[in-house]
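# Tertiary structure, described
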Amino acid sequence: MHSWTGLLPVDGVGTATMSARNASLTVTPDGSAQLVAIGDDGNVYHRIRNAAGGWSPFQPIAGAGGASTFSAPRVRIAALPDGSAQLLVTSC
């Protein structure tokens, strides 16, 4: 029988907890996870949880034309069998 661990807040970008408008999580074959979220500022952020349980910090996703951020209302992420991930960002 499986049991659940308690829910914990996700730390944000320079904050104790992440406040997100939209988020998506995927798990890769090696046991790591990738989390993408739309922050309250409307920008897309990404972080990775390694298989041992440690998280990388949230990093903004770069936009088109060399922009340092990418703004969107919705985001999804999916892991592929080769360990890579595909990101889908929609405008509606």
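Here we summarise the structure given alongside this text. (Residues numbered from 1 in each chain as written. Predicted model: local features only at pLDDT ≥ 70, side-chain atom pairs only at ≥ 80, totals over all residues. Heavy atoms only, no water.)

### Regarding the nonpolar core
Counting 6 residues, the largest nonpolar core consists of Val36, Ile38, Val44, Ala72, Val75 and Ile77. Where this core is concerned, the elements lending two or more residues are β2 (33-39) and β5 (74-79). (Core = buried A, V, L, I, M, F, W, Y, C linked by side-chain atoms within 4.5 Å. Buried < 20%, exposed > 50% of the residue type's maximum accessible area, 1.4 Å probe, protein only. Helix = DSSP H or I, 4+ residues; strand = E, 2+ residues; numbered from the N terminus.)

### What to know about the packing of aromatic side chains
Tallying each qualifying case throughout the model produces 0 aromatic pairs. Note that Arg47 overlies the ring of Phe58, its terminal NZ or CZ placed 4.8 Å from the centroid. (Phe/Tyr/Trp six-rings, centres within 6.5 Å; stacked < 30°, edge-to-face > 60°. Lys NZ or Arg CZ within 6 Å of the ring centre and 35° of its normal.)

### With respect to the environment of Leu25
For Leu25, the location among the structural elements is in strand β1 (residues 20-27). According to the relative accessible area criterion, Leu25 is exposed, its value standing at 52%. Considering only alpha carbons, one finds Leu25 and Arg47, 22 residues apart in sequence, at a separation of 9.8 Å.

### Quick look at the sheet that holds strand β4 (residues 59-60)
Adjacent strands of a sheet form backbone hydrogen bonds with each other and so pair up, either parallel or antiparallel. As summarised here, the arrangement of the 4 strands in space is β1-β2-β3-β4, forming an open sheet in which the pairing is antiparallel. One side of each edge strand has no neighbouring strand; the edge strands of this open sheet are β1 and β4. Sheet analysis places strand β3 (residues 44-49) next to β4, joined by 2 bridges and oriented antiparallel. Bridge assignment links Tyr45 to a residue of β4, and that residue is Pro60. (Pairing = 2+ DSSP bridges.)

### Some points on the environment of Gln34
Relative to the assigned elements, Gln34 resides in strand β2. When residues no more than four places from it in sequence are discounted, the contact partners of Gln34 are Ser24, Leu25, Thr26, Thr28, His46, Arg47, Ile48, Ile77 and Ala85. Here the side chain of Gln34 touches His46 through a polar contact of 2.8 Å, side chain to side chain. (Contact = heavy atoms within 4.5 Å. Polar contact = N/O pair within 3.5 Å; in protein donor to acceptor, adjacent residues only side chain to side chain.)

### Remarks on the pairing of β1
Looking at chain direction, β1 and β2 are connected through 7 bridges and run antiparallel. Bridge pairing links Ala23 to Ala37 in β2. The hairpin formed by β1 and β2 contains 5 residues between the paired strands, and Gly31 there has a positive phi angle of roughly 95°.

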